[in-house]
Amino acid sequence: MSVVVPCFRCTATIDDAVASIAAQTLRPAEVLLVEDASGDDTIEALHRVASVYGTDWIKVIALPANRGPSHARNTGWQQAQQPYIAFLDADDTWGPRKLELQMAALEADPEIALIAHQMLVRPRGTVLPAPQSPVGVDIVGRGTLLVRNPFPTASVVLRRDLPFRFDEEFRRSEDYLLWSQIVLSGYRCAKIDQVLAIWNRREDGEVGLSDDFDAIHRGRRDLRRKLVRQGLLSRHEYVFASTVGLVNKMRRTVARTLRGRTHAPA
């Protein structure tokens, strides 16, 4: 197992992310920290982390120019040496049995090309409860990808030899596009019914790419059009998925308006 972590200005969070990798009950063979030309002291922080855990286990890859998370992940994917790759974002953390349970599911069903699991948003430092037995594994079909992205990036383990990569022209929904290409091409994909990782809640005032809902809507419109051009999505499916996307955008707009009224001064 190789773990790929795109790193951009993550000095405040990278220690927790790597610690959650090191705490796995099934230790991965290598960790690739891909520094995306942050322009601050991120590269020094990554080398410090590597020196703590061992440079034979952690490899720091410094990119010459900032090209976004898709390029960083693709670079790690290209240099990974193991048959399976797990992705972790530098501000998220895994529960200790994540890789153990995912690899057990892959061994039980070797036809699975991609496997993910549930995630929750919680304050940094939250300890995940132990997984509950029995652990269920559900196969995810193309219908699910038409209405939502079921695979959080930090939950995904996939086969290194898959003939796909993150689309570097996309700054948003690039993960959704990749998972859609894999599922719609007929590969067997699955999801464990357990919460095995955490999106760490941002501090007040912090924003990220996922906070711009209008840009996300445009990105998902673009990915649907690309899937049609690639012959992976029918016109009927395109219309259906676009209608679902428009409804979701309207719901977010209404919710944002209501929150604004709630917090408006009297």
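Criteria and cut-off values
- Residues numbered from 1 in each chain as written.
- Predicted model: local features only at pLDDT ≥ 70, side-chain atom pairs only at ≥ 80, totals over all residues.
- Heavy atoms only, no water.
- Helix = DSSP H or I, 4+ residues; strand = E, 2+ residues; numbered from the N terminus.
- Buried < 20%, exposed > 50% of the residue type's maximum accessible area, 1.4 Å probe, protein only.
- Contact = heavy atoms within 4.5 Å.
- Expected span 1.5 Å × (residues − 1).
- Arc of directions from axis to C-beta.
- Core = buried A, V, L, I, M, F, W, Y, C linked by side-chain atoms within 4.5 Å.
- Salt bridge = Lys/Arg side-chain N within 4 Å of Asp/Glu carboxyl O.

Enquirer: Give me the lowdown on the environment of Val195, citing residues and values where you can.
Expert: Within the secondary structure, Val195 sits in strand E9 (residues 188-200). You can call Val195 partly exposed: its relative accessible area is 22%. Considered as a pair, Val195 and Gly95 are 100 residues apart in the sequence and their alpha carbons are 8.2 Å apart. With residues near it in sequence (within four places) discarded, Val195 still touches Gln118, Met119, Leu120 and Leu128.

Enquirer: Before we move on, can you summarise helix H2 (residues 42-53) with the specific residues and values?
Expert: Over its twelve residues, H2 extends 17 Å from the first C-alpha to the last, a length consistent with the 16 Å expected when each residue adds 1.5 Å. Inspection of H2 places Thr42, Ile43, Ala45, Leu46, Val49 and Ala50 among the buried residues, and these make up the whole buried set. Looking down the long axis of H2, one finds its buried residues gathered within 160 degrees of arc, a one-sided arrangement. Residues of H2 that are exposed and angled more than 90 degrees away from the buried face: Ser51 and Val52. Contacts from the buried residues of H2 go to strand E1 (2-7), helix H1 (14-22), strand E2 (30-35) and strand E3 (58-62).

Enquirer: Hey, could you go over the nonpolar core for me, with residue numbers and the actual values?
Expert: Phe151, Leu158, Trp179 and Ile182 are the most contacted members of the largest nonpolar core, which totals 38 residues. At the level of elements, E2, helix H3 (68-79), strand E4 (84-87), strand E6 (112-122), helix H5 (142-147), helix H6 (174-184), helix H7 (213-229) and helix H8 (235-263) are the ones that each hand at least two residues to this core. The element that contributes the greatest number of residues to this core is H6, accounting for seven residues. For Phe151, the residues in contact, after removing those within four places along its chain, are Leu114, Ala116, Val140, Leu145, Val156, Trp179, Val183, Cys189, Ala190 and Lys191. Ranked by size, the runner-up nonpolar core spans 37 residues in total, among them Ala17, Trp94, Met103 and Leu196.

Enquirer: Hey, could you go over the pattern of salt bridges for me, with residue numbers and the actual values?
Expert: If you walk through the whole model with that rule in mind, you get eleven salt bridges. Between Asp16 and Arg124 there is a salt bridge; the shortest N-O distance is 3.1 Å. Note that Asp16 is positioned in helix H1 and Arg124 in the loop between E6 and strand E7 (137-139), a separation of 108 residues in sequence. Of the charged contacts in the structure, one is a salt bridge between Glu237 and Arg142, with a shortest N-O distance of 2.9 Å. On the criterion of sequence distance, the pair formed by Glu237 in helix H8 and Arg142 in helix H5 is long-range, its members being 95 residues apart. Taking relative accessible area as the criterion, Arg142 reaches 33% and is therefore assigned partly exposed. Linked through salt bridges whose partners overlap, the residues forming this network are Arg73, Asp89 and Glu174.

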